[in-house]
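Structure assessment
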Amino acid sequence: MTTFADPAATTPAAPGAAAPGAQAPAAPADLLARLRAAVAAHPARTAVHAADGSLDFAALDRRTAALAAALRARGVRRGDKVGVHLARTLDLPVALLAVWRAGAAYVPLDPAYPAERITFMAADARLAAVVSAEAAPPVPAGVPVLRPDAAAPVEETDAAAFAPDPLDSAYVIYTSGSTGRPKGVEVPHGAVADLAAGLEQAGAYRPGPSVVAWNASVSFDASVQQWIRICRGDTLVVVDDARRADPARLAALLAEHAVTDFDLTPSHWQLLREQLTGAAVPRLFMGGEPVPGGTWRELADGGIDAFNLYGPTECTVDAITARITGPGPHLGEPLPGVRVHLLDERLRPVTGTGTVGELYLAGPGLAHGYAGQPGLTAGRFVADPFATAPGARMYRTGDQARRSAEGLLEYVGRVDRQVKLRGFRIELGEVEHALAALDGVTAAAVTVHEPAPGDTRLAAYVTGTAAAPAALLAELRRTLPAHLVPATVTVLAAMPLTPNGKVDHRALPVPAAEAAPEATGGGVAEQVAEVWRTVLGVPEVLPADDFLSLGGHSLAALRVVHLLRRKLNVELQLRHLLDAADLAAFTEAVLRAAEAGPAAARPALTARRPAVR
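Structure report, in brief.

What counts, and at which threshold
- Residues numbered from 1 in each chain as written.
- Predicted model: local features only at pLDDT ≥ 70, side-chain atom pairs only at ≥ 80, totals over all residues.
- Heavy atoms only, no water.
- Phe/Tyr/Trp six-rings, centres within 6.5 Å; stacked < 30°, edge-to-face > 60°.
- Helix = DSSP H or I, 4+ residues; strand = E, 2+ residues; numbered from the N terminus.
- Buried < 20%, exposed > 50% of the residue type's maximum accessible area, 1.4 Å probe, protein only.
- Pairing = 2+ DSSP bridges.
- Contact = heavy atoms within 4.5 Å.
- Axes fitted to C-alpha atoms, helices over the stretch in contact; angles between N-to-C directions.
- Core = buried A, V, L, I, M, F, W, Y, C linked by side-chain atoms within 4.5 Å.
- Parallel < 35°, antiparallel > 145°, perpendicular 65-115°, else oblique.
- Left-handed = near helix turned anticlockwise from the far one by under 90°.
- Nonpolar A, V, L, I, M, F, W, Y, C, P; charged D, E, K, R; others polar.
- Salt bridge = Lys/Arg side-chain N within 4 Å of Asp/Glu carboxyl O.
- Right-handed = clockwise from strand over helix to strand, strands pointing away.
- 1 Å grid on protein atoms, 1.4 Å probe; cavity = no way out; pocket = protein on both sides within 12 Å on 5 of 7 lines; lining within 4 Å.
- Points joined across faces, edges and corners; volume = space filled by probe spheres on them.

1. Thoughts on the packing of aromatic side chains
Throughout the structure, instances matching the rule amount to 11 aromatic pairs. Between tryptophan 100 and tryptophan 227, the ring centres sit 5.0 Å apart and the planes meet at 45 degrees, which makes this aromatic pair tilted. Here the residue tryptophan 100 occupies a position in helix α3 (residues 91-101), and tryptophan 227 occupies one in helix α6 (residues 222-227), the gap between them amounting to 127 residues. Note on accessibility: tryptophan 100 and tryptophan 227 belong to one class, buried. Centroid distance phenylalanine 220 to phenylalanine 424: 4.9 Å. Interplanar angle 65 degrees. Geometry classified as edge-to-face. Here the residue phenylalanine 220 occupies a position in the loop between β9 (211-214) and α6, and phenylalanine 424 occupies one in strand β23 (residues 424-427), the gap between them amounting to 204 residues. A relative accessible area of 18% means that phenylalanine 220 is categorised as buried. Members of the aromatic cluster, connected to one another through ring pairs, are Trp100, Tyr106, Tyr171 and Trp227.

Right, dumping it as structure tokens:
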């Protein structure tokens with residue numbers, strides 16, 4: 001796979017380029033060039049806020065140049081890949097920009113991931129170096145490790161002026177793989193520059209400087225759309241993990257820095273909306289999963305400034321966008337330069353109103369493909385029969401859509417077993433492969449279960465093992481990130497099969513742990529425990545049990561709080577659960593809330609607030 005382009009060589013036509021003899025549109029300005037312009041124009045403007053401090057644009061320029069020079073001094077060259085193994089601090093944007101200025105592509109290595117997965121990604125990407133605050137991160141032996149405050153001798157600082165070619169690789173982000181092996185999506189600089197320019201032209205980015213909260217993990221492509229805003233002169237507010245998990249603290253952070261733009265999933269909005277009631281709501285960028293009809297109507301009816309963003313990692317984050325207005329959800333219109341095709345199984349255009357087809361995307365935002373996997377790349381990035389440029393490609397998204405009677409493009413579902421949970425893209429096959437590799441497991445199946453509206457989770461089924469489900473889940477946590485670990489494991493005597501011998505996922509039973517009905521009586525302690533059992537889908541909870549260790553997540557925590565508010569009429573906040581060390585401590589918090597009196601009525605989100613300060 002080509003990871004960088006030689007400007008001295010003949011550059012092939014990029015996907016979606018103009019036909020010979022036509023006037024091709026000018027390529028958008030490279031983001032490093034835009035950053036240099038921002039530094040020159042506003043050196044004293046704040047570039048980054050984080051929990052550990054702030055940097056103005058001049059200081060950001062000095063630090064990124066110094067680290068870029070250090071990377072060059074350790075042998076990093078154009079076309080290399082550099083791992084970034086850092087928490088959400090000031091160091092993170094510094095490292096990403098430094099990797100670019102050194103001529104390399106960055107590869108996120110989330111410190112929260114299991115060591116085994118980080119080691120795999122580092123080896124698969126063939127890293128030339130790693131930037132880490134740890135002395136010995138879990139990467140292959142021999143890979144140089146640099147601290148984020150590393151600097152280089154003066155003779156190496158010429159790396160600061162590096163200007164990438166549009167086909168040079170900008171980053172490799174690993175996504176879930178259906179074969180059990182994560183796959184690295186390799187994206188070029190030109191596609192990232194097109195993303196920023198397209199969102200500007202579509203009106204999603206304001207012309208003037210904004211204050212942007214960086215909410216997504218750097219391991220997910222949504223982070224790209226957020227952190228690159230710094231290159232256009234915007235101020236970046238890095239949201240650390242502690243505040244991201246606490247809606248009250250997150251809302252306070254948005255207010256403290258007068259954040260104007262905030263990117264989040266619809267699921268995350270449900271956690272945050274109460275805290276923003278009556279406050280100045282930033283412009284919202286919603287993506288990562290379909291916007292539910294109720295959420296769409298709430299935002300539209302309340303006059304909240306919000307955009308729906310759609311696009312796969314393979315098409316550089318966002319390809320289609322719509323303002324959240326009108327009666328119901330739709331995808332919107334393609335960004336400038338993006339071509340959208342709705343096709344049937346024989347690649348013929350689907351034109352009938354309400355007729356479902358598969359979405360194919362083409363244009364300059366396409367990734368190079370999957371790093372080191374040419375076969376997989378060829379299967380998903382196919383020839384574009386509608387383009388006039390030779391070699392043009394289009395990406396088969398696997399997403400199904402249709403046109404409404406009003407001509408709006410509506411999302412329908414998937415053609416395969418890929419799912420989106422709380423913004424995470426998950427291949428169920430990867431989880432099944434990990435389960436099947438455990439001792440004693442002869443077969444494994446994973447599906448999505450929804451014990452309550454909006455509370456979707458992974459449910460696993462296995463055969464052939466006598467191990468307790470809790471032990472199987474503990475083994476999975478050693479190799480899989482938290483978002484890939486199922487909430488429940490049900491042991492079956494045999495898998496239900498279709499007539500052709502395949503696992504019949506529709507015939508899998510309700511997870512065994514969730515079959516018990518919800519209790520309606522008992523004291524406060526018993527009712528709290530029963531709500532935990534119901535929401536977590538476990539048969540038993542003990543006073544010393546920790547909510548997160550039992551498979552709880554932020555949405556499940558919100559459901560616990562809502563159920564107890566309704567049952568006991570108490571004033572509870574999400575922080576009461578997230579701050580509690582165990583069930584006993586949370587029960588004490590609920591008892592204190594009950595003694596304080598009944599809950600106040602929950603306010604509605606109805607009025608538009610100024611988005612720009």
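2. What to know about the sheet that holds strand β1 (residues 46-50)
Read across the sheet, nine strands follow the order β2-β1-β10-β9-β11-β12-β13-β14-β15 without closing on themselves; strand pairing throughout is mixed. Only two strands of the sheet have a single neighbouring strand rather than two, namely β2 (53-56) and β15 (333-334). Pairing of strand β11 (residues 261-264) with strand β12 (residues 283-286) involves four bridges; the strand directions are parallel. Each bridged residue has a counterpart across the sheet, and for aspartate 261 the counterpart in β12 is arginine 283. Contacts from α3 reach β1, β2, β9 and β10 (235-238), with the element oriented near 95 degrees to β9. Packing of helix α9 (residues 266-276) onto the sheet brings it into contact with β11 and β12, and relative to β11 it is tilted by some 120 degrees.

3. Describing the nonpolar core
Of all hydrophobic cores here, the largest spans 81 residues; its most connected members are Leu60, Trp100, Tyr106, Trp227 and Ile230. Beyond its immediate stretch of four places on either side in the chain, leucine 60 contacts Leu35, Ala47, Val48, Leu55, Val94, Leu97 and Ile230. Core analysis: the second largest hydrophobic core is formed by 26 residues, Val531, Ala557, Leu574 and Leu583 among them.

4. Brief notes about the packing of helix α8 (residues 247-256) against α9
Between α8 and α9, the shortest axis-to-axis distance is 9 Å and the interhelical angle comes to 65 degrees. When the axis of α8 is compared with that of α9, the two are roughly perpendicular. Regarding α8 and α9, the two cross each other, and that crossing is right-handed. Along the contact surface, α8 presents Pro247, Ala248, Leu250, Ala251 and Leu254, while α9 presents His268, Leu271, Leu272, Gln275 and Leu276. Here the residues of the contact of α8 with α9 are counted per class, giving eight nonpolar, two polar and no charged.

5. Describing the pattern of salt bridges
Where side chains of opposite charge bring their charged atoms close, a pairing between them can arise. If you walk through the whole model with that rule in mind, you get 31 salt bridges. Arginine 101 is the salt-bridge partner of aspartate 61, the closest N and O atoms lying 2.9 Å from each other. Within this pair, whereas aspartate 61 is found in helix α2 (residues 57-73), its partner arginine 101 is found in helix α3, the two being separated by 40 residues in sequence. When its relative accessible area of 5% is taken as the criterion, arginine 101 is described as buried. Notably, a salt bridge pairs aspartate 305 with arginine 206, separated by 3.7 Å at the nearest N-O pair. Placement of the pair is aspartate 305 in the loop between α10 (293-301) and β13 (306-310) and arginine 206 in the loop between α5 (189-201) and β9, with a sequence separation of 99 residues. Exposure class is identical for aspartate 305 and arginine 206. Each is buried. Three or more residues joined by partner-sharing salt bridges are found here, namely Arg34, Glu200, Arg206, Arg229, Arg232, Asp234, Asp261, Arg283, Asp305 and Arg323.

6. Considerations on the pairing of strand β4 (residues 105-108)
Working note: regular strand, side chains alternate between the two faces of the sheet. Here β4 shows a buried face lined by Ala105 and Val107 and a second buried face lined by Tyr106 and Pro108. Pairing geometry for strand β3 (residues 81-85) and β4, over four bridges, is parallel. Bridge pairing in β4 places lysine 81 opposite alanine 105. With respect to chirality, the unit in which β3 leads through α3 into the neighbouring parallel β4 is right-handed.

7. Observations concerning empty space enclosed by the protein
In this approach the atoms are scanned with a rolling probe the size of a water molecule, which exposes any empty space left behind. A full pass over the atoms with the stated rule returns five cavities of 30 Å³ or more. In this structure, the largest cavity occupies an estimated 140 Å³ of space. Around the largest cavity, the lining is made up of 17 residues, and of these Cys315, Asp318, Ala319, Val338 and Gly365 lie nearest the centre. Secondary structure elements with two or more residues in the lining of the largest cavity: α5 and β17 (357-362). If you tally residues by element for the lining of the largest cavity, the top one is α5, at four residues.

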